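These are the residues of each chain, in order.
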Amino acid sequence: MAFFLERNVVALVMLLIFIIGVFGLVTVYVEYKRMYDDLESNTNCKNRFVKHIVLKYESIVNLNMSIGNTEVFVNKHLKRCNKYGMSLEQMERLSRLTIILNTSIGVVNVLLGLVLDLNLKSVAVNLLVSTFLAMLFYFLEELFDIEYMYEKLVFLFEEKLDGIMINKKPQPLIVPADKETKKEIKQLKKLANEIDIRRENGKIVEEVINQYLS
């Protein structure tokens, strides 16, 4: 243990963990930004995540099913967007856990240095590296501001999907009719054709139904 602490191996480990955390942070930001730019372009969706969510929404609308809350729908499907085998939400959490891990390593480094009476210079170097990486990660978090980007992305998604709901005419469900139903429909059409189309006194539908049911 003393060997690792005094040879700055701990500092290298913390640096590696930091790089992994930053990679996750940047990946999440880039994916959200790509989706945002794709939605903002007002053209056909090219981003695979955007395309998947929009097509899913259109399918539900075409089936005459109620979405309920569009924001909930968007949040639910954004959390399922996967990159490198994990969701973007999981990747963001993992990136934040790396800085907590680094800070913990820095604290443990100091405690072990005091207990094992190690070289204070090595202990100080590890502590400074841990502190610097924590501050740098916090700066990158503020710079990318993933939460704000996510909020803007959800808002754009809501606008686009609500527009689909308003402009898209739901397609009626086509249910195959059996022979008996087809026969009844044919008879009903025949009876309707025999009745005066002028709809006198607004009773055309009632006359068709009464004659058919008699």
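For the structure, see preceding data.
Reading guide: rules and limits
Residues numbered from 1 in each chain as written. Predicted model: local features only at pLDDT ≥ 70, side-chain atom pairs only at ≥ 80, totals over all residues. Heavy atoms only, no water. Buried < 20%, exposed > 50% of the residue type's maximum accessible area, 1.4 Å probe, protein only. Helix = DSSP H or I, 4+ residues; strand = E, 2+ residues; numbered from the N terminus. Polar contact = N/O pair within 3.5 Å; in protein donor to acceptor, adjacent residues only side chain to side chain. Patch = residues over 30% accessible without salt bridge, like charges linked within 9 Å, V, L, I, M, F, W, Y side chains within 5 Å. Areas by Shrake-Rupley, 256 points an atom, 1.4 Å probe, with all protein chains shown as cover. Salt bridge = Lys/Arg side-chain N within 4 Å of Asp/Glu carboxyl O. Lys, Arg positive; Asp, Glu negative; His and termini not counted. Charge placed at Lys NZ, Arg CZ, Asp CG, Glu CD. Phe/Tyr/Trp six-rings, centres within 6.5 Å; stacked < 30°, edge-to-face > 60°. Lys NZ or Arg CZ within 6 Å of the ring centre and 35° of its normal. Expected span 1.5 Å × (residues − 1). Arc of directions from axis to C-beta. Contact = heavy atoms within 4.5 Å.

## A look at helix 4 (residues 70–78)
Piece 1. Within helix 4, burial applies to T70, F73, V74, N75, H77 and L78.
Piece 2. Where helix 4 starts, the residue carrying a side-chain oxygen 2.9 Å from the main-chain nitrogen of E71 turns out to be N69.

## Concerning a negative patch on the surface
Piece 1. Taken together, the side chains of E142, D145, E147 and E151 define an acidic patch exposed on the protein surface.
Piece 2. Residue placement: E151 occurs in helix 7 (residues 146–167).
Piece 3. E151 sits in the exposed class, given a relative accessible area of 54%.

## What to know about the pattern of salt bridges
Piece 1. Overall, the coordinates contain six salt bridges when judged by the stated rule.
Piece 2. E31 serves as the salt-bridge partner of K83, at 3.2 Å between the closest nitrogen and oxygen. Taken as a pair, K83 in strand 1 (residues 82–83) and E31 in helix 2 (residues 9–40) lie far apart in primary sequence, 52 residues in all.
Piece 3. E31 sits in the buried class, given a relative accessible area of 5%.

## Describing the packing of aromatic side chains
Piece 1. Taken as a whole and judged by the stated rule, the model has five aromatic pairs.
Piece 2. With 4.9 Å between their ring centres and 40° between their planes, Y29 and F144 make a pair best called tilted. Placement of the pair is Y29 in helix 2 and F144 in helix 6 (residues 120–144), with a sequence separation of 115 residues.
Piece 3. Across the ring face of Y84, the terminal group of K83 is positioned such that the distance to the ring centre comes to 5.3 Å.
Piece 4. The positively charged end of K152 is found above the aromatic ring belonging to Y36, 4.8 Å away from the centroid.

## Focus: helix 3 (residues 48–62)
Piece 1. End to end, helix 3 covers 21 Å across 15 residues, agreeing with the expected 21 Å (1.5 Å per residue, within 8%).
Piece 2. Every buried residue of helix 3 is listed here: F49, V50, I53, V54, Y57, I60 and V61. All buried residues of helix 3 lie within an arc of 125° about the axis, which places them on one face of the element.
Piece 3. The distance from a side-chain oxygen at the start of helix 3 to the backbone nitrogen of F49 is 2.9 Å, and the residue carrying that oxygen is N47.
Piece 4. Remark: N64 follows helix 3 within two positions and exhibits a positive phi of approximately 60°.

## A short note on a nonpolar patch on the surface
Piece 1. Together, L12, L15 and I19 line one region of the surface with nonpolar side chains, adding up to about 280 Å² of accessible area.
Piece 2. Mapping L15 onto the fold places it in helix 2.

## Concerning the environment of V22
Piece 1. Looking at the element boundaries, V22 is found in helix 2.
Piece 2. Sequence-wise, V22 and I99 are 77 residues apart; in three dimensions their C-alpha atoms are separated by 9.4 Å.
Piece 3. Other than its neighbours up to four places away in sequence, V22 contacts F137 and L140.

## Side note on unusual backbone geometry
Piece 1. Non-glycine residue Y84 carries a positive phi angle of around 55°.
Piece 2. Tracing the backbone through its elements, the reader meets Y84 in the loop between strand 1 and strand 2 (86–87).
Piece 3. A relative accessible area of 57% places Y84 in the exposed class.
Piece 4. The backbone phi angle of D145 is positive, close to 45°, even though this residue is not glycine.
Piece 5. Position of D145 among the secondary structure elements: in the loop between helix 6 and helix 7.

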